[in-house]
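Fold and contact review
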Amino acid sequence: MNGFQAILDLLFPQKCPFCGRVADGAGICPACERSLPWAEGDAGLRTGPDGLCCAAPLLYEGAVRTALLRLKFQGGAHLSRPLGELVCRCAAERFSGEFDVVTWVPVGPKRLKERGYDQARLLAQSACRLWGTAPEKLLVKKVNTPAQSELADADARRANVLGVYALAPGADVAGRRVLLIDDICTTGSTLTECIRTLKDGAVEQVVCAAVALTCAKRDVSSGKTRPRINGEKC
């Protein structure tokens, strides 16, 4: 930590992103540390077709869902620091030695203008700060699309992001091993499309990390599980 950051922390103590109490080093108060829905073991890893492998420290429910909605839709950019630190810790535990560059899932130009920031980029910057490095812009979103949270099923989500990402101008991903960061992983459609785009650039490997994963819901008719969408309770 540099001197300037230490002064800022003294004047403006970091608050827990989940309850708002003043927190210590990790940015989470002891009460929330004990009560949060931590995604442990296999529950903290989502895999899928086309090489999707996403780890997250938390499940998208309760106070976690509230914090991420504030981050995305209510001007809560400051929450990216403690949440990004959680992503950093999770990625280090799950993927140590498996990536050499960090990037993020970009928002489209319209949403960036409306929101004033890209929450996934802020999360990536927060995570990289602890590693003493900086994320690289490898992807751009070419098309403004409806928010994934507005779509009710996995097929609609896949169609919504198909072909909307491209390699950033000047990005050289050939032979590189990438950690791709986002805020939430629901069906994995967005991450999967970003992975496909990076693979088109001859990337060697992509692993993903998010703040939270939606928990699975059992489909009684088929006996299969699917991610919960749009705030369904776990």
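Anything mentioned here points back to the structure above.
Everything numeric here is computed off the predicted structure, so don't read it as measured data. (Residues numbered from 1 in each chain as written. Predicted model: local features only at pLDDT ≥ 70, side-chain atom pairs only at ≥ 80, totals over all residues. Heavy atoms only, no water.)

**A few points about the pattern of salt bridges**
Here is the rule we go by: Just to be clear on terms, a salt bridge is a Lys or Arg side-chain nitrogen sitting within 4 Å of an Asp or Glu carboxyl oxygen. The way it works is that DSSP assigns letters per residue, a run of H or I at least four long becomes a helix, a run of E at least two long becomes a strand, and they are numbered from the N terminus. Only protein chains enter the accessibility calculation, which uses a 1.4 Å probe; a residue whose area is less than 20% of its type maximum is buried, one above 50% is exposed, and one in between is partly exposed.
In total, this model carries 6 salt bridges according to the counting rule given. The salt bridge involving Asp183 is made with Lys72; its shortest N-O contact spans 3.5 Å. With a gap of 111 residues between them, Asp183 in strand E7 (residues 177-185) and Lys72 in helix H3 (residues 62-73) connect regions that are remote in the sequence. Given a relative accessible area of 2%, Asp183 falls into the buried group. Asp100 is paired through a salt bridge with Arg177; the nearest N and O atoms lie 3.5 Å apart. Here Asp100, found in the loop between helix H4 (80-95) and strand E4 (101-104), pairs with Arg177, found in strand E7; they are 77 residues apart in sequence, far enough to count as distant. Among the ionic contacts, a cluster of salt bridges with common partners joins Glu193, Arg196 and Asp200.

**Concerning the packing of aromatic side chains**
Given two aromatic rings, one states the distance between the centres and the angle between the planes to describe the pair. To keep it simple, the criterion reads: In this scheme Phe, Tyr and Trp rings, the latter by its six-membered ring, pair at centre separations within 6.5 Å, and the angle between planes marks the pair as stacked below 30 degrees, edge-to-face above 60, and tilted otherwise.
Applying the stated rule across the entire model yields 1 aromatic pair. Seen from their ring centres, Phe99 and Trp131 are 5.5 Å apart, and the 55° between their planes marks the pair as tilted. One end of the pair, Phe99, is in the loop between H4 and E4; the other, Trp131, is in helix H6 (residues 119-131), with 32 residues separating them in the sequence.

**Some points on the pairing of strand E8 (residues 205-213)**
Put simply, the rule reads: DSSP calls a pair of strands paired once it identifies at least 2 bridges connecting them. Look down the strands so they point away from you; if the path from the first strand over the helix to the second goes clockwise, the crossover is right-handed.
Counting buried positions over the 9 residues of E8 gives 8, a clear majority of the element. Relative to E8, strand E2 (residues 53-55) runs parallel, the two sharing 2 bridges. Each residue of the ladder has a partner; that of Ala55, found in E8, is Ala209. Sheet analysis places strand E3 (residues 58-59) next to E8, joined by 2 bridges and oriented parallel. When the sheet's bridge partners are listed, Leu58 is paired in E8 with Ala212. Bridge count between E7 and E8: 8 bridges; the pairing is parallel. Residue pairing for E8: Asp182 is matched across the bridge by Ala210. Where the polypeptide runs from E7 across helix H8 (residues 189-200) and back to E8, its parallel neighbour, the crossover connection is right-handed.

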